[in-house]
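# Fold and geometry: a report
Residues per chain are reported as follows:
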Amino acid sequence: MGDQQRYRERSLWLDGALAQFSPRPPLEGEREVDVAIVGAGYTGLWTAYALTLRDPGLRIAVVEAETVGYGSSGRNGGFVSAGIAGEARVYDRAQGAAGIVRAERAMIEGIDWIGDAVARESIDCGWVKGGSYRIATSSPQLARVRAGLETKRARGYTDADVRFVTRAEIEAEVRVAGVLGGTYTPHCARVDPARLARGLASACERRGVVIHERSPATALVPGLVTCPGGSLGARVVVRATEAFTTRLPGERRSYLPLASHMIATEPLPAGTWNEIGWAGCAPIADQRYQFVYAQRTPDGRIALGGRGLTYRLGGAIRESDEVQPAIHGKLEQALRSLFPAAAEARVTHRWGCFFAAPRDWSMSVDYDRASGLARAGGYSGHGVVASSLAGRTLADLITGTESDLTGLPWVGHASRRWEPEPLRFVAAKTIAAVLASADPVEDRTGRPARRVAIVRRWLPGR
Ligand SMILES: Cc1cc2nc3c(=O)[nH]c(=O)nc-3n(C[C@H](O)[C@H](O)[C@H](O)COP(=O)(O)OP(=O)(O)OC[C@H]3O[C@@H](n4cnc5c(N)ncnc54)[C@H](O)[C@@H]3O)c2cc1C
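Residues numbered from 1 in each chain as written. Predicted model: local features only at pLDDT ≥ 70, side-chain atom pairs only at ≥ 80, totals over all residues. Heavy atoms only, no water.

### A few points about the overall build of the chain
Applied cut-off: Note on conventions: DSSP H or I runs of at least 4 residues are helices, E runs of at least 2 residues are strands, and numbering of each starts at the N terminus. Radius of gyration: over C-alpha atoms. The globule rule applied is 2.2 Å multiplied by the number of residues raised to the 0.38 power. When a residue's accessible area, from a 1.4 Å probe over protein chains only, is under 20% of the maximum for its type it is buried; when over 50% it is exposed; and in between it is partly exposed. Computed by Shrake-Rupley with a 1.4 Å probe, the accessible areas treat only the displayed protein chains as cover when residues are assessed. When charges are counted, Lys and Arg contribute as positive and Asp and Glu as negative, whereas His and the chain ends are disregarded. Where a charge lies is defined by one atom per residue type, namely NZ (Lys), CZ (Arg), CG (Asp) and CD (Glu).
Check the secondary structure of the chain and you find 11 helices and 18 strands. Its C-alpha atoms give the chain a radius of gyration of 21 Å, within 12% of the compact-globule value 23 Å for 462 residues. A principal-axis box enclosing the C-alpha atoms of the chain has dimensions of 60 × 45 × 45 Å. Taken over 462 residues, the chain has a buried fraction of 58%. As displayed, the chain offers around 18,100 Å² of accessible surface, 51% of which is attributable to carbon and sulfur atoms. Side-chain charges in the chain split into 59 positive and 49 negative, and the spacing between the mean points of these groups amounts to 5 Å.

What follows is the structure, given as structure tokens:
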């Protein structure tokens, strides 16, 4: 199979975005630049883009192992949402409650920053900022929705940021079966993620950034990035490799690479959309432990995802693990039960991708001026906005620009490493099994599943 076909099969979004494919040339020979970035997902690309805004004279090169958006940036749910990536209590330890609020406000503003960049660079990615709904389909889920709302109120958020919505209010936007109620926030946009990544790459190139595809970095040390065909000498080296970081020498225990999975239907006919509604395209997510989330795509499909948390002994990341019949089967069941109007719709795409879970589920942005090494990541599956903030923050740190971003609680944060195998494997399997079994218990009994307490210490807060 050629690379174009293999890349297209990675997600609905890459299938569409790569219908026309002209790969960028790999890195060949030795080159000198000011900043060398490894990884052309959102983190690497937003870093490059923000650097061009700060200092248009910088020589910037990006090396990408596969193609732009090959990682979760080209395969995600397309929620441009304000939920912080990681654990509020970890950021609380760093800077107290005020630090969390600063981080959350930065995330909220970060959505419009991306929206402005999309408009400025004319990126055709189906951007619609219509907010999002968090929905509950059982009483324990509803209790979690209310608890989440109370936490937000305690931090000073008003109805203008997030409010309780009744079943009738949700149904007025999108008819989802079995909904009991939920919350609505205006702070969310819907996007086609791969078109965002690829449009952003083109915007970077228009600003002078050079991107090399099919150029895996085999070594990444101060001052030098080495690929099979050549090398980049650079004052600053940025690691933006998210889950794939665990493949780099000495980094295996930095993250747990966990897979999340999605499906998409064929484009639905107008009659089905009349039944479902969803004219405002506000994405929805439920409150299951292995939560289900969905968006109405720009081309009129339903794309729906959920956490399967696939993990291999040793943390291997393999394309052959991305399609999991059992998990994709459950997602299809969720699609049919939440959207009965789409009961007959054909599922045309099934995919998955690995995201990086740090030991404390909390993201980091770091720049060591002495060595010139920079890194950002560990978004635990919530990185669309966080990666843009991270890229902008790295640009400020690298150019020595004091800003509000450089004081956010994840700057300089270091998560401890995961336990060695086989403990890591046992932890990942236990988390996945307990969460998978908790949801049916709640659906059946209508009472909170106590078994989640077994894995609470390994879980992010919700
Ligand atoms: C199924 C799924 C759904 C998701 N849904 C959402 C969502 O709706 N909203 C949200 O906020 N977040 C979501 N996320 C998370 C979000 O997509 C990620 O946090 C974000 O895309 C991370 O961007 P990144 O650039 O850091 O990593 P990636 O997109 O993974 O990019 C890393 C890049 O580095 C390249 N690379 C790796 N190693 C090397 C090397 N040695 N040399 C050169 N290149 C290398 C890879 O090929 C890849 O292109 C989801 C994730 C998944 C898996």
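### Here's the deal with the pattern of salt bridges
For clarity, the cut-off: A side-chain nitrogen of Lys or Arg and a carboxyl oxygen of Asp or Glu constitute a salt bridge if their distance falls within 4 Å.
Counted under the stated rule, the structure contains 33 salt bridges. The partner of D3 in a salt bridge is R214, and the shortest N-O contact between them spans 2.7 Å. One end of the pair, D3, is in helix α1 (residues 3–8); the other, R214, is in the loop between β8 (210–212) and β9 (219–221), and 211 residues separate them in sequence. A residue is classified by how much of its surface remains accessible, and D3, at 24% relative accessible area, is partly exposed. Across the pair R167 and E171 runs a salt bridge whose closest N-O atoms are separated by 3.4 Å. With a gap of 4 residues between them, R167 and E171 both fall in helix α6 (residues 167–173), about one helical turn apart.

### Topic: the packing of helix α4 (residues 88–120) against helix α10 (residues 384–398)
Note the cut-off: In this analysis, axes come from line fits to C-alpha atoms, helices being fitted only over the stretch in contact, and the angle between any two N-to-C directions falls in the range 0 to 180 degrees. Angles are sorted into four bins: roughly parallel if under 35 degrees, roughly antiparallel if over 145, roughly perpendicular if 65 to 115, and oblique for all others. By definition in these notes, contact holds between two residues if any of their heavy atoms fall within 4.5 Å. Classification used: nonpolar for Ala, Val, Leu, Ile, Met, Phe, Trp, Tyr, Cys and Pro, charged for Asp, Glu, Lys and Arg, polar for all others including Gly.
Two elements in contact, α4 and α10, have axes whose closest approach is 9 Å; the angle formed by their N-to-C orientations is 85°. Judged by the angle between their axes, α4 and α10 are roughly perpendicular. Each of A106, M107, G110, I111, W113 and I114 in α4 lies in contact with α10, whose residues at this interface are V384, V385, A386, S388, L389 and R392. Partitioned by chemical class, the residues of the contact of α4 with α10 number 9 nonpolar, 2 polar and 1 charged.

### With respect to the site of the ligand
Put simply, the rule reads: Distances are taken per atom, and a residue is near a molecule or strand as soon as one of its heavy atoms is within 4 Å of it. Two N or O atoms form a polar contact when they lie within 3.5 Å of each other; inside protein one atom must be a possible hydrogen donor and the other a possible acceptor, and for residues adjacent in sequence the pair counts only when both atoms belong to side chains.
Near the ligand there are 34 residues, and of these T43, E64, S73, A217 and V384 occur at the shortest range. Residue A65 places a main-chain N or O atom 2.9 Å away from a nitrogen atom belonging to the ligand. The contact in question runs from a nitrogen atom of the ligand to an N or O atom on the backbone of A217, over 2.8 Å. The fraction of the free accessible surface of the ligand (1,000 Å²) that becomes covered by protein chains is 96%. Going through the elements one at a time, α3 (42–54) and β12 (256–265) are the ones with two or more residues in the shell around the ligand. Its residues assigned to classes, the shell around the ligand comprises 16 nonpolar, 15 polar and 3 charged.

### Here's the deal with the environment of G383
Relative to the helices and strands, G383 is located in the loop between β18 (373–377) and α10. Separated by 303 residues in sequence, G383 and V80 place their C-alpha atoms 8.7 Å apart.

### Quick notes on the packing of α3 against α10
Note the threshold: For any pair of crossing helices, the crossing counts as left-handed if the nearer helix is rotated counterclockwise from the farther one by less than a right angle, and right-handed if it is rotated clockwise.
For the pair α3 and α10, interaxial distance at closest approach is 7 Å and the crossing angle is 40°. When the axes of α3 and α10 are compared, the pair comes out oblique. Here α3 and α10 pass one another in a crossing that is right-handed. When α3 is examined against α10, the residues Y42, T43, W46, T47, A50, L51 and R54 are found in contact with a partner set consisting of V384, S387, S388, G391, R392, L394, A395, D396 and I398. Here the contact of α3 with α10 is built from residues that sort into 8 nonpolar, 5 polar and 3 charged.

### A look at the packing of aromatic side chains
To keep things clear, this is the line we draw: Note on ring pairs: Phe, Tyr and Trp rings are taken, using the six-membered ring of Trp, and paired if centres are within 6.5 Å. Classes follow the plane angle, with under 30 degrees stacked, over 60 edge-to-face and the rest tilted. Any Lys NZ or Arg CZ found within 6 Å of a ring centre and within 35 degrees of that ring's normal is scored as a charge over the ring.
Counted according to the given criterion, the structure contains 13 aromatic pairs. When the ring of Y7 is compared with that of F21, the centres are 5.8 Å apart and the planes differ by 75°; the resulting orientation is edge-to-face. Separated by 14 residues along the polypeptide, Y7 in helix α1 and F21 in the loop between α2 (12–17) and β1 (29–38) bring together distant segments of the chain. For the pair shown, Y7 and F21 are each scored as buried. Taking 6.3 Å as the distance between ring centres and 55° as the angle between the ring planes, the aromatic pair formed by W273 and W278 counts as tilted. On the basis of relative accessible area, W273 is assigned to the buried category, the value being 7%. Counting every residue linked through ring pairs, the aromatic cluster contains Y7, F21, Y70 and F244. In this structure, R146 is placed above the aromatic ring of F164, and the distance from its NZ or CZ to the ring centre is 4.3 Å.

### What about the environment of L338?
Relative to the helices and strands, L338 resides in helix α9 (residues 325–338). Given a relative accessible area of 10%, L338 falls into the buried group. With 160 residues separating them along the chain, L338 and G178 place their C-alpha atoms 7.2 Å apart. In contact with L338, not counting residues within four places along its chain, are T137, R175, V176, A177 and V292.

### Here we look at α10
Note: α-helices contain 3.6 residues per turn, so residues at a spacing of three or four share the same orientation. Our working definition: Each residue after the first adds 1.5 Å to the expected span of a helix.
Taking 1.5 Å as the rise per residue, α10 with 15 residues should run 21 Å; its terminal C-alpha atoms sit 22 Å apart, in good agreement. Most of α10 is tucked away: 15 of the 15 residues are buried. At the exit of α10 stands G400, carrying a positive phi of roughly 70°.

Purely geometric numbers; function is a separate question.
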